[in-house]
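Coordinates in review
Here is how the chains run, residue by residue.
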Amino acid sequence: MPSTLKRQTIQKRDKDFVNEVMDLGSKIFPREDMATLRACLQCGTCTGSCPSGRRTAWRIRQIFLKTIIGLREEALSSDDLWNCTTCYTCQERCPRKVRSTDIVRVLRNMAVKEGHMRPEHAKVCEIFFKYGHAVPINDDVKAIRKRLALSELPPTVHTYPEALKEVLVLVDDKGFRALVEKKGS
Ligand code: SF4
Ligand code: SF4
């Protein structure tokens with residue numbers, strides 16, 4: 001690595017980043033699960049097992065390296081972070097039992113909080129705020145449900161539209177709608 005690039009990389013490091021990821025993750029998952037990140041030995045089993053990595057530039061091993069050495073911006077602003085399908089294959093196969101998929105989910109939460117939400121995600125959220133579903137029901141699905149002897153509408157906000165208000169109370173309480181609207185504006 002040329003010395004100027006090496007200096008820039010060193011200057012960009014945020015040594016608290018990995019601890020912040022573990023702290024945020026510990027609000028959702030057990031702390032010991034998040035601490036497995038430090039056990040990553042960069043073997044690449046996760047990347048080699050990743051179905052998404054076969055089709056995209058997503059390399060889960062790299063995101064863990066960036067996180068551990070503190071390359072915060074590179075880790076959180078990467079479009080590739082959104083190519084994980086959360087299939088959990090990597091987590092099942094990791095020889096060090098790193099909770100890899102769960103950690104990706106935490107990184108995504110952090111990315112969104114720091115303003116890296118993709119416009120497409122903001123659009124999906126807006127649909128959810130409007131209908132209470134990210135993918136609202138359509139006539140084809142209604143017809144399939146009828147053929148299966150189910151009610152045309154599922155017992156969700158489609159059937160109980162008044163429940164949408166309660167959903168939005170939760171969304172607003174956590175400041176999520178404001179975050180999405182800021183991104184959509
Ligand atoms: S398989 Fe586990 S130990 Fe190996 S690089 Fe991936 S997360 Fe790290
Ligand atoms: S959970 Fe994500 S990173 Fe892991 S194997 Fe599946 S797509 Fe790849």
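Cut-off values and rules
- Residues numbered from 1 in each chain as written.
- Chains lettered and ligands numbered in written order.
- Predicted model: local features only at pLDDT ≥ 70, side-chain atom pairs only at ≥ 80, totals over all residues.
- Heavy atoms only, no water.
- Near = heavy atom within 4 Å.
- Nonpolar A, V, L, I, M, F, W, Y, C, P; charged D, E, K, R; others polar.
- Salt bridge = Lys/Arg side-chain N within 4 Å of Asp/Glu carboxyl O.
- Helix = DSSP H or I, 4+ residues; strand = E, 2+ residues; numbered from the N terminus.
- Buried < 20%, exposed > 50% of the residue type's maximum accessible area, 1.4 Å probe, protein only.
- Polar contact = N/O pair within 3.5 Å; in protein donor to acceptor, adjacent residues only side chain to side chain.
- Domains from an automatic or database assignment.
- Arc of directions from axis to C-beta.
- Contact = heavy atoms within 4.5 Å.
- Lys, Arg positive; Asp, Glu negative; His and termini not counted.
- Phe/Tyr/Trp six-rings, centres within 6.5 Å; stacked < 30°, edge-to-face > 60°.
- Lys NZ or Arg CZ within 6 Å of the ring centre and 35° of its normal.

Turning our attention to the site of ligand 2. Neighbouring residues of ligand 2: 13 residues in total, closest Cys-50, Trp-58, Cys-84, Cys-87 and Cys-90. Taken together, the residues of the shell around ligand 2 break down into eight nonpolar, five polar and no charged.

Let us look at the pattern of salt bridges. As a working rule, side chains carrying opposite charge can pair if their charged atoms are close by. In this structure the tally under the stated criterion is eleven salt bridges. Arg-99 serves as the salt-bridge partner of Asp-33, at 3.5 Å between the closest nitrogen and oxygen. Linking Asp-33 in helix H3 (residues 31–34) with Arg-99 in the loop between helix H7 (89–93) and helix H8 (100–113), this pair joins segments that are 66 residues apart in sequence. Residue classification places Asp-33 among the buried positions, given a relative accessible area of 17%. Put simply, Asp-14, Glu-20, Arg-72 and Glu-114 are held in one network by salt bridges that share partners.

Let us look at helix H10 (residues 139–147). Of the residues flanking the start of H10, the one acting as N-cap is Asn-138, its side-chain oxygen 3.2 Å from the backbone nitrogen of Asp-140. Following H10 by one or two positions, Ala-149 has its phi on the positive side, about 65°.

What follows concerns the domain arrangement of the protein. Many descriptions give the size of an interface as the accessible area lost when the pieces come together. Once the domains are mapped, the protein shows domain 1 (3–113) and domain 2 (119–184). Of note, the centres of domain 1 and domain 2, computed from C-alpha atoms alone, are 30 Å apart.

All right, on to the site of ligand 1 then. Taken together, 13 residues sit near ligand 1, with Cys-40, Cys-43, Gly-44, Cys-46 and Cys-94 positioned nearest. Among the elements of the structure, helix H4 (45–49) and helix H5 (60–69) are those that each provide at least two residues to the shell around ligand 1. Tallied by class, residues from the shell around ligand 1 come to eight nonpolar, three polar and two charged.

Residues that lie three or four places apart on an α-helix share one face, since the helix turns once every 3.6 residues. By the burial criterion, the buried members of helix H2 (residues 17–25) are Phe-17, Val-18, Val-21, Met-22, Leu-24 and Gly-25. Here the buried residues of H2 occupy an arc of 165° about the axis, which is enough to place them on one side. Looking at the buried side of H2, the elements it contacts are H3, H5, helix H6 (72–76) and H8.

Take the side chain of Arg-108 next. The topology assignment puts Arg-108 in helix H8. Among buried Asp, Glu, Lys and Arg side chains, Arg-108 stands out as unpaired, with Asp-80 the closest opposite charge at 10 Å. When residues no more than four places from it in sequence are discounted, the contact partners of Arg-108 are Leu-81, Trp-82, Asn-83, Cys-84 and Thr-86.

For Thr-86, which is not a glycine, the phi torsion comes out positive at approximately 55°. With respect to the helices and strands, the residue Thr-86 is situated in the loop between H6 and H7. On the accessibility criterion, Thr-86 (28% relative accessible area) is partly exposed. In this structure, Lys-97 is a non-glycine residue whose phi angle is positive, near 55°. Note that Lys-97 resides in the loop between H7 and H8.

Further remarks concern the packing of aromatic side chains. Under the definition given, this model contains two aromatic pairs. When the ring of Phe-129 is compared with that of Phe-176, the centres are 6.1 Å apart and the planes differ by 80°; the resulting orientation is edge-to-face. Highlighted residues: Phe-129 in helix H9 (residues 119–131) and Phe-176 in helix H12 (residues 176–184), separated in sequence by 47 residues. According to the relative accessible area criterion, Phe-176 is partly exposed, its value standing at 30%. Among the aromatic residues, ring-to-ring pairing joins Phe-128, Phe-129 and Phe-176 into one connected group. It is Arg-177 that lies over the ring of Phe-129; its NZ or CZ is 5.9 Å from the centre.

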